[in-house]
Amino acid sequence: MKYWLTTHWRPYRDENNRQSHICLKNEHRRRGDSIQPGDKVLIFETQGGKTHRDTQSRRRIGRRGIVVVAEVTSILEEPGRRDENYDDGSSIWWRWRARTRPISENGFVGWQEVNQILEYSPEYNMSGFGGRTGLKEINEEQFNSLVERFDRGNS
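All values reported here derive from a predicted model rather than from experimental measurement.

1. Concerning the overall build of the chain
(1) Moving on: Within the chain, the secondary structure is distributed over three helices and 10 strands.
(2) Moving on: Overall, the chain shows an N-to-C arrangement of helices and strands of β-β-β-β-β-β-β-β-β-α-α-β-α.
(3) Moving on: When the 155 residues of the chain are sorted by exposure, 46% land in the buried category.
(4) Moving on: Residue pairs in contact within the chain that sit at least 24 positions apart in sequence constitute 76% of those at least 6 positions apart.
(5) Moving on: As presented, the chain carries roughly 8,500 Å² of accessible surface, and 40% of it is formed by carbon and sulfur atoms.

Structure, rendered in structure tokens:
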């Protein structure tokens, strides 16, 4: 079993549920090659994120911390989506996805605690996380420490 931390942009204002999958850009496929069902993943919600060009919906302010503990239920697969266009003129092909099942959404670990546990600089804001892929394998001790804090709801 492996342990992962992935980042998600803050949700849109009209989204009721959190997205708890692992999603990678087309060019970052190799980062997720070793993802397997049964692996555990922590979902980190960023403070910012791009807005789709073809929607009127805007994003809520992100919580900037871990918001979901989940279990991976599929290998990395191609869901058939194409480029998503954003209001800043950029385009991203989120080609690869591993499905997950939420274990808990009732907790929180703030970014400064995440930085401390992962031994990052206190000022690190998760920009460029995982070699700019938004996905990084972490060790079991780090995972368990983050889950313990998540369950306590510390921020």
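2. Points about the pairing of strand 4 (residues 65-72)
(1) Moving on: When you tally the buried positions in strand 4, you get seven out of eight residues, the bulk of the element.
(2) Moving on: Looking at chain direction, strand 3 (residues 40-45) and strand 4 are connected through six bridges and run antiparallel. Bridge pairing in strand 4 links F44 to I66.
(3) Moving on: Direction of pairing for strand 4 relative to strand 9 (residues 109-110): antiparallel, over a ladder of two bridges. Considered in strand 9, the bridge of G65 is made with G110.
(4) Moving on: Judged from the four bridges that link them, strand 4 and strand 8 (residues 100-104) form a sheet pairing that is antiparallel. Directly across from A70, in strand 8, lies its bridge partner P102.

3. A short note on the side chain of N115
(1) Moving on: Along the polypeptide, N115 turns up in helix 1 (residues 111-117).
(2) Moving on: A polar contact is formed between the side chain of N115 and the backbone oxygen of S121, at a distance of 3.3 Å.
(3) Moving on: Setting aside residues up to four positions removed in sequence, N115 forms contacts with Y120, S121, P122, E123, Y124 and M126.

4. Quick word on the pattern of salt bridges
(1) Moving on: Within this structure, the stated rule accounts for eight salt bridges.
(2) Moving on: With a shortest N-O distance of 3.8 Å, E137 and K2 are connected by a salt bridge. Highlighted residues: E137 in strand 10 (residues 135-138) and K2 in the segment before strand 1 (3-8), separated in sequence by 135 residues.
(3) Moving on: Classification of K2 as partly exposed rests on a relative accessible area of 27%.
(4) Moving on: Here E71 and R101 are joined by a salt bridge, their closest N and O atoms 2.6 Å apart. Here R101 lies in strand 8 and E71 lies in strand 4, a separation of 30 residues in the sequence.

5. Considerations on helix 3 (residues 140-152)
One turn of an α-helix holds 3.6 residues; hence residues three or four places apart share an orientation.
(1) Moving on: Taking 1.5 Å per residue as the helical rise, helix 3 with its 13 residues ought to reach 18 Å, and the 18 Å between its terminal C-alpha atoms agrees with that figure.
(2) Moving on: Residues of helix 3 that are buried include every one of Q142, F143, S145, L146, V147 and F150, and no others.
(3) Moving on: Regarding helix 3, its N-cap is N139, as a side-chain oxygen of that residue lies 3.1 Å from the backbone nitrogen of E141 further along.

6. Re unusual backbone geometry
Outside of glycine, negative phi angles account for most residues, and trans bonds account for most peptide bonds.
(1) Moving on: Located in the positive-phi region is E119, a residue other than glycine, with phi close to 60°.
(2) Moving on: Structurally, the position occupied by E119 is in the loop between helix 1 and helix 2 (129-132).
(3) Moving on: E119 gets classed as exposed once you look at its relative accessible area, which sits at 71%.

7. Section: the environment of V67
(1) Moving on: You can see V67 is positioned in strand 4.
(2) Moving on: Residues V67 and I43 lie 24 residues apart in sequence; the distance between their C-alpha atoms is 5.9 Å.

Criteria and thresholds
Residues numbered from 1 in each chain as written. Predicted model: local features only at pLDDT ≥ 70, side-chain atom pairs only at ≥ 80, totals over all residues. Heavy atoms only, no water. Helix = DSSP H or I, 4+ residues; strand = E, 2+ residues; numbered from the N terminus. Buried < 20%, exposed > 50% of the residue type's maximum accessible area, 1.4 Å probe, protein only. Contact = heavy atoms within 4.5 Å. Areas by Shrake-Rupley, 256 points an atom, 1.4 Å probe, with all protein chains shown as cover. Pairing = 2+ DSSP bridges. Polar contact = N/O pair within 3.5 Å; in protein donor to acceptor, adjacent residues only side chain to side chain. Salt bridge = Lys/Arg side-chain N within 4 Å of Asp/Glu carboxyl O. Expected span 1.5 Å × (residues − 1).

So far we have only geometry, and geometry alone does not tell us how the molecule works.
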